[in-house]
Structure formats: structure tokens, C-alpha cells
Amino acid sequence: MSPESLWVLCVLLFLDGATFAFATTPLLLQYGKYHAPWEVALAGGLASALGSAVQLLALRWLLASSHPYMRRFAPSREKLEAALRRYPSASFVALMVARATPLPDAPLKLVAAVIGYPVARYGLAILLGALPYYFALAYVGSRIHVPGWVLAAAVVAILAGAGVDWLRRRRRPRA
């Protein structure tokens, strides 16, 4: 199987959706070079939505877990309450719009997990939001051929930035 294969993209987007979704944009720009934008949007959107549904289930499991070792992976009670105050309902349209933009959707995902939002409905909202966004990125990738090493460097920079932010927050004194 070729690294440019649509199946490889689907596996990568599924894994990306099931984890932290750091590589979605570079992957779509890269694979837009090899496939029609509608193919990338449809196949990639489906794979990403399935991965996001798996992530939602995992997040629910983490939040419901009574095992002490699992509590350290779950968000703090304060973060949950803050997310619930900011986003009182994780509606279908809100989830869809959040996925259709480059804005982070973690707060809505957290609310969806806490309130027990239906997984199938969640996946559908993610898919419908991903279709236009993924199409646009694949189209840009088909027109502007950004070298693969630049896209890989962008992913590394994003991960490094997230790591620095995480370290900075850990060092901050707690009030």
C-alpha cells in the first residue's frame, strides 16, 4: 500500500481523531496533492468522525472511572465545571460548527462526554462539520503544493508548543 493511498490517510485521520488531532490540517493539505478534494473530504471526514467517536467513548470512560490511577488522566472537577458554565449544552449545531472551523473543540467534546451526548449523533455532527472544512483544506493542498517536510515541521512545532504550554501550566503556583 502506497503512503499516498486514501486508505493510509483514513487510518491516520482515524488515529488523529481518536487522540489529540494535532495532524489533521497538515494531513489534509498533504493528501490534497494526491486525491480529489471531495474524496479527501468524504473519506477523511468519515475516518475522523469515527476516531472522534472513539475518543468520546474513551473520554466518557475516563470520566466515569472510579479507579484512582484513572483520575489523573481525567480533567479536574474545576475544568469540568468551567466547561459546563461556558458551554451549557453541546448541541448538534455547535458541535458541527466547531468541527467546521480550525477553532479547538475540546471544551464542547468535554461537555458532550459529561452530559452523555449520543455517540452516533456526535459522530454525525463531526462528519457534517468536517466535510466543508476538509474539502477546503484538500483543495488548498491540491493548488498550493506545500513540501511534506514543511507540514511535518508544522506538526512538530504544534506538539512542541503544546508541550511548552503544558509545562508552563504545571509550574504555575496553584491558588
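Residues numbered from 1 in each chain as written. Predicted model: local features only at pLDDT ≥ 70, side-chain atom pairs only at ≥ 80, totals over all residues. Heavy atoms only, no water.

A tally of helices and strands in the protein chain yields nine helices and zero strands. Secondary structure of the protein chain in N-to-C order comes out as α-α-α-α-α-α-α-α-α. When each of the 175 residues of the protein chain is scored for burial, the buried share is 37%. Partitioning the contacts of the protein chain with sequence separation of at least 6, the portion at a separation of at least 24 is 78%. On the protein chain, roughly 10500 Å² of surface is accessible, and the fraction owed to carbon and sulfur atoms is 69%. (Helix = DSSP H or I, 4+ residues; strand = E, 2+ residues; numbered from the N terminus. Buried < 20%, exposed > 50% of the residue type's maximum accessible area, 1.4 Å probe, protein only. Contact = heavy atoms within 4.5 Å. Areas by Shrake-Rupley, 256 points an atom, 1.4 Å probe, with all protein chains shown as cover.)

If you trace the backbone, threonine 101 turns up in the loop between helix 6 (92-99) and helix 7 (106-115). Sequence separation between threonine 101 and tyrosine 133 is 32 residues, and the spatial gap between their C-alpha atoms is 6.6 Å. Here the side chain of threonine 101 touches alanine 98 through a polar contact of 3.2 Å, landing on its backbone oxygen. (Polar contact = N/O pair within 3.5 Å; in protein donor to acceptor, adjacent residues only side chain to side chain.)

Structurally, alanine 58 is set in helix 3 (residues 37-64). A C-alpha to C-alpha distance of 8.7 Å links alanine 58 and alanine 18, two positions 40 residues apart in sequence.

Moving on, we get to the packing of aromatic side chains. Throughout the structure, instances matching the rule amount to four aromatic pairs. Arranged with centres 6.4 Å apart and planes meeting at 15°, the rings of phenylalanine 135 and tyrosine 139 form a pair that is stacked. A residue pair is termed a helical-turn pair when its members lie 3 or 4 positions apart in one helix, as phenylalanine 135 and tyrosine 139 do in helix 8 (residues 119-143) at four residues. Residue tyrosine 139 is classed as partly exposed on the basis of its relative accessible area of 38%. The ring of tyrosine 117 has arginine 121 sitting right over it, with the charged end atom 5.8 Å from the ring centre. (Phe/Tyr/Trp six-rings, centres within 6.5 Å; stacked < 30°, edge-to-face > 60°. Lys NZ or Arg CZ within 6 Å of the ring centre and 35° of its normal.)

Enumeration over the complete set of coordinates arrives at one salt bridge. For aspartate 165, the salt bridge identified is with arginine 168, shortest N-O distance 3.2 Å. In this pair, aspartate 165 and arginine 168 are both assigned in helix 9 (residues 148-171), three residues apart and thus about one turn of the helix distant. (Salt bridge = Lys/Arg side-chain N within 4 Å of Asp/Glu carboxyl O.)

Interhelical geometry of helix 3 versus helix 7 gives an angle of 60° and a closest axis separation of 9 Å. Relative to helix 7, the element helix 3 is oriented oblique. In terms of crossing hand, the pair formed by helix 3 and helix 7 is right-handed. Where helix 3 abuts helix 7, its residues Gln55, Leu56, Leu59, Arg60 and Leu63 lie against Lys109, Leu110, Ala112, Ala113 and Val114. Counted by class, the contact of helix 3 with helix 7 contains seven nonpolar, one polar and two charged residues. (Axes fitted to C-alpha atoms, helices over the stretch in contact; angles between N-to-C directions. Parallel < 35°, antiparallel > 145°, perpendicular 65-115°, else oblique. Left-handed = near helix turned anticlockwise from the far one by under 90°. Nonpolar A, V, L, I, M, F, W, Y, C, P; charged D, E, K, R; others polar.)

Here the focus is the side chain of histidine 35. In this fold, histidine 35 is placed in the loop between helix 2 (24-31) and helix 3. Residue histidine 35 is classed as buried on the basis of its relative accessible area, which comes to 18%. Polar contacts involving the side chain of histidine 35 include one to the main-chain amide nitrogen of leucine 6, which spans 3.5 Å. If near-sequence neighbours (up to four positions away) are discounted, histidine 35 is found in contact with Glu4, Ser5, Leu6 and Val40.

Turning next to a nonpolar patch on the surface. A contiguous nonpolar patch, built from Trp38, Leu42, Leu46, Phe135, Tyr139, Val140 and Ile144 and spanning about 680 Å² of accessible area, is present on the exposed surface. Put simply, the parts of the chain that give the nonpolar patch at least two residues each are helix 3 and helix 8. Its location among the elements puts tryptophan 38 in helix 3. Residue classification places tryptophan 38 among the exposed residues on the basis of a relative accessible area of 54%. (Patch = residues over 30% accessible without salt bridge, like charges linked within 9 Å, V, L, I, M, F, W, Y side chains within 5 Å.)

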